[in-house]
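Letter by letter, the chains look like this.
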Amino acid sequence: MLTVATGNKAVAAAVKAVRPDVIAAYPITPQTEIVEQIAEYVTAGEMDSRYIPVESEHSAMAACVGASITGARTFTATSSHGLAYMHEMVNWAAGARLPIVMANVNRAMGPGWNVWAEHTDAFQERDTGWLQVYVSTVQEAYDTTLMAFRIAEHQDVILPVMVNLDGFLLSHSMQSLETVTLGDFVPPFHLPHAIDIANPAGYGTLTGPDQHFKFRWEIEQSMRKSVAVIRETEQDFAGRFGRNYGVAEEYRYEDADVVVIAMGTLGKEAEVAVDILRDEGVRAGSLRVRWFRPFPDLDLSGRELVVIDRDYSFGFGGVLAHSLVAKSRVEPYSVIAGLGGQEVTYDDIAGFVRDRKPGQESWFGVNGNV
Amino acid sequence: MTEIPKEEYILKCTSACAGCPSSLILRYVLKAAGPDTVLVVPACCTSVIQGIYPNTAMNVPVYNVAFAAAAACASGMSEAFSKAGKKTNVIVYAGDGGTVDIGIQALSGAFERETDFLYICYDNEAYGNTGMQRSGSTPIGARTTTTPGGKIHAKKDIDAIVAAHHPTYLATACAAYPQDLFKKVQKALSLPGSKFLHVLAPCPPGWRFSSEKTVAMGKLAVRSGIWILFEREYGKVTINGPSKAALVKPAPLEEYLAGQGRFKGIDQNAIDALKSQAAARALHLQREAEGIC
């Protein structure tokens, strides 16, 4: 069905379609609309889920953990400080191998209070064992939330998935949305280590170095296997519903000499910049990294790269740029832009490309470089 | 006499200290609860007592969870079991630090939501697992490793805090009175909604008394009136047998204090404070039991 929705409402609609057993909810700007919309669905009887209005984000993830270990399907949503506050339980969810799905509406961390888009909140959780995906449109937020449940619950994965969407730029933007009739795309699942009263087990008991090491390795093995599960899920999704994304979305990439790489809405904005540059005779293309964990293996050889980070790791650099430096052995022009919701237009992005300085870093609007 | 089932749900391979009240309490809790039970355990002595992976000394499923998270985790579990049509008991078994300090936010939220579960705080009045640091439940005058001169602030009244959430059932118990404990667990699990059980756990290494005296120390706590056994069922207060007698003619508090190394060198002001707090508490509970307040 064709409709119009915000990014937040699209996530809520997808959650409704997969019918989780338990939802834990705590408000935070700019995510609140997701848990409000789900509350409306549950109250109206359109969703047969248990809705737990918890008293903090730490408890939101703890409630999801407690529900998930019984074999229940669970969902929560958060943003920024909420994600940081639940950090301990974010680790717990992955370490306990629980296929919880969470929407994180990317927002800057304080101080000062800033409610606008930045990716630093989610990047601070990148080493927890969660799969992370970043979306760029309302439709993609919906589609990816559906896929997230299937990927998390796949027997080769059994890890939590975080669906990231940019605060306000996407969470509150109205775009067209084609909802689907889900069918068996997200089938019922079996949690192999679910609590079984007939076979009592200790969960999370004291664990020595050798066993702990083994458990960490198992998480990494599942993370590696998830690459094929993501690919297969996206292909099946494309076959059934006609929309295809991939681990990274290419735009006029094939013959491009210079490629803009970004995540989230900036990655979509880059496509317009590419068109502008092509009109000027620059053979530009773009690559929007969707899956950040597992991080994609990208063949970027023979191209000039302009990487835009809506984040920063102090004392180090742009997280996306340096992930690509490490993984793909490239020397990009690293642009730090859009922190705290700073406005970055397609014209600005075209400017980054025109003024690129390979191997250097520039802070948009700060260095006077652009 | 109450019939206590012969079934054991704590096997004979725990790593508890000699004379441990926590495992004694849990033994009776699980006998009362039976096999269709899941324990949710935040960081506390019981995290260690149950043994090291891949072994466990517990014969019911135990979900260990982060320090502050027990009540919230139990909320999710309780809802999930209920959604699946299961009547499994969800019991949080937490120490005093995990209850009155770091876990109090989750505890408050779960009780406000009338989560269907039993929350048991076994209270040894300090952070035992980390080697006896003060908690909000440590009484005035008690020496811990972080209050080497004796604690200067009063024990937090967690029962009053939980009572303010108007739970279905709230009771105190003591490791030295297993029949009373057993009956209270059974009663709590027979009732809907949120239930709270606060159990005094006299801890030999923490309180510094010899390990064969756990039960004697618990009895002295009740007889001196510093620990009062009572129940609050749908708000109605009943003071239980052993405490009823103790409140008429309490044993000297000095006897209870003198038996514990943690109170060595306690000054008279601290003793007076402990006595006046115990007396005020007894009076308040008696008036509540009589329906006066």
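All values derive from a computational prediction rather than experimental measurement.

**Describing the pairing of strand E4 (residues 74–78) of chain A**
Residues and elements named next belong to chain A. Among the 5 residues of E4, 5 are classified as buried, and the element is accordingly described as predominantly covered. Summarising the sheet, E4 and strand E5 (residues 101–106) pair through 4 bridges and their orientation is parallel. Within the sheet, the bridge partner assigned to Phe-75 lies in E5 and is Val-101.

**Let's talk about the interface of chain A and chain B**
Taken together, the 39 residues of chain A in the interface contact 39 residues of chain B. Approximately 3,000 Å² of surface area, both sides summed, lies buried where chain A meets chain B, with 64% of it carried by carbon and sulfur atoms. Three residues, Arg-50, Ile-197 and Leu-206 of chain A, lead the burial of chain A against chain B; their summed loss comes to 21% of the area buried on that side. Summed over the shared surface of chain A and chain B, the result is 4 salt bridges. Across the salt bridge formed by Lys-83 of chain B and Asp-48 of chain A, the nearest N and O atoms sit 3.9 Å from each other.

**Some details on the sheet that holds strand E6 (residues 131–134) of chain A**
The strand order E3-E2-E4-E5-E7-E6-E13 (chain A) describes an open sheet built from 7 strands, whose pairing is mixed. A single partner strand is all that each edge strand has here, and the edge strands are strand E3 (50–53) and strand E13 (291–293) of chain A. The mean angle between the axes of side-by-side strands here comes to 20°, regardless of whether they run parallel or antiparallel. Pairing geometry for E6 of chain A and E13 of chain A, over 2 bridges, is antiparallel. The residue of E13 of chain A that forms the bridge with Gln-132 of chain A is Arg-293 of chain A. Here helix H3 (residues 70–83) of chain B sits on the sheet in contact with strand E2 (22–25) and E3 of chain A, set at roughly 165° to E3 of chain A.

**Observations concerning the packing of helix H7 (residues 138–153) of chain A against helix H8 (residues 209–241) of chain A**
A pair of packed helices can be characterised by two numbers: the angle between their axes and the separation between those axes. All names here are of chain A. Look at H7 against H8: their axes get within 10 Å of each other, and the N-to-C directions meet at 130°. As judged from the angle between their axes, H7 and H8 are oblique. Where H7 crosses over H8, the handedness of that crossing is right-handed. Counting all contacts with H7, which are made through Asp-143, Leu-146, Met-147, Arg-150 and Ile-151, the residues of H8 involved are Val-229, Ile-230, Glu-232, Thr-233, Glu-234, Asp-236, Phe-237 and Arg-240. Counted by class, the contact of H7 with H8 contains 6 nonpolar, 1 polar and 6 charged residues.

**Some details on the pattern of salt bridges**
On inspection of all chains with the given rule, the structure shows 42 salt bridges over all chains. A single network of salt bridges, built from pairs that share partners, joins Glu-140, Glu-234, Glu-249, Lys-268, Glu-271, Arg-288 and Arg-290 of chain A.

**Some thoughts on the packing of helix H3 (residues 57–68) of chain A against H3 of chain B**
Where H3 of chain A contacts H3 of chain B, the two axes come as close as 6 Å, and the packing angle between them is 40°. When the axis of H3 of chain A is compared with that of H3 of chain B, the two are oblique. For H3 of chain A against H3 of chain B, the interelement crossing comes out right-handed. Each of Ser-59, Ala-62, Ala-63, Gly-66 and Ala-67 of chain A in H3 of chain A lies in contact with H3 of chain B, whose residues at this interface are Ala-72, Cys-73, Gly-76, Met-77 and Ala-80 of chain B.

**Some thoughts on the side chain of Ser-243 of chain B**
Residue and element names in this part refer to chain B. Residue position: Ser-243 is located in helix H10 (residues 241–248). For Ser-243, a relative accessible area of 1% gives the class buried. With residues near it in sequence (within four places) discarded, Ser-243 still touches Val-222, Trp-227, Ile-228 and Leu-229.

Cut-offs and rules
- Residues numbered from 1 in each chain as written.
- Chains lettered and ligands numbered in written order.
- Predicted model: local features only at pLDDT ≥ 70, side-chain atom pairs only at ≥ 80, totals over all residues.
- Heavy atoms only, no water.
- Buried < 20%, exposed > 50% of the residue type's maximum accessible area, 1.4 Å probe, protein only.
- Helix = DSSP H or I, 4+ residues; strand = E, 2+ residues; numbered from the N terminus.
- Pairing = 2+ DSSP bridges.
- Contact = heavy atoms within 4.5 Å.
- Buried area = accessible area lost by both parts, 1.4 Å probe.
- Salt bridge = Lys/Arg side-chain N within 4 Å of Asp/Glu carboxyl O.
- Axes fitted to C-alpha atoms, helices over the stretch in contact; angles between N-to-C directions.
- Parallel < 35°, antiparallel > 145°, perpendicular 65-115°, else oblique.
- Left-handed = near helix turned anticlockwise from the far one by under 90°.
- Nonpolar A, V, L, I, M, F, W, Y, C, P; charged D, E, K, R; others polar.

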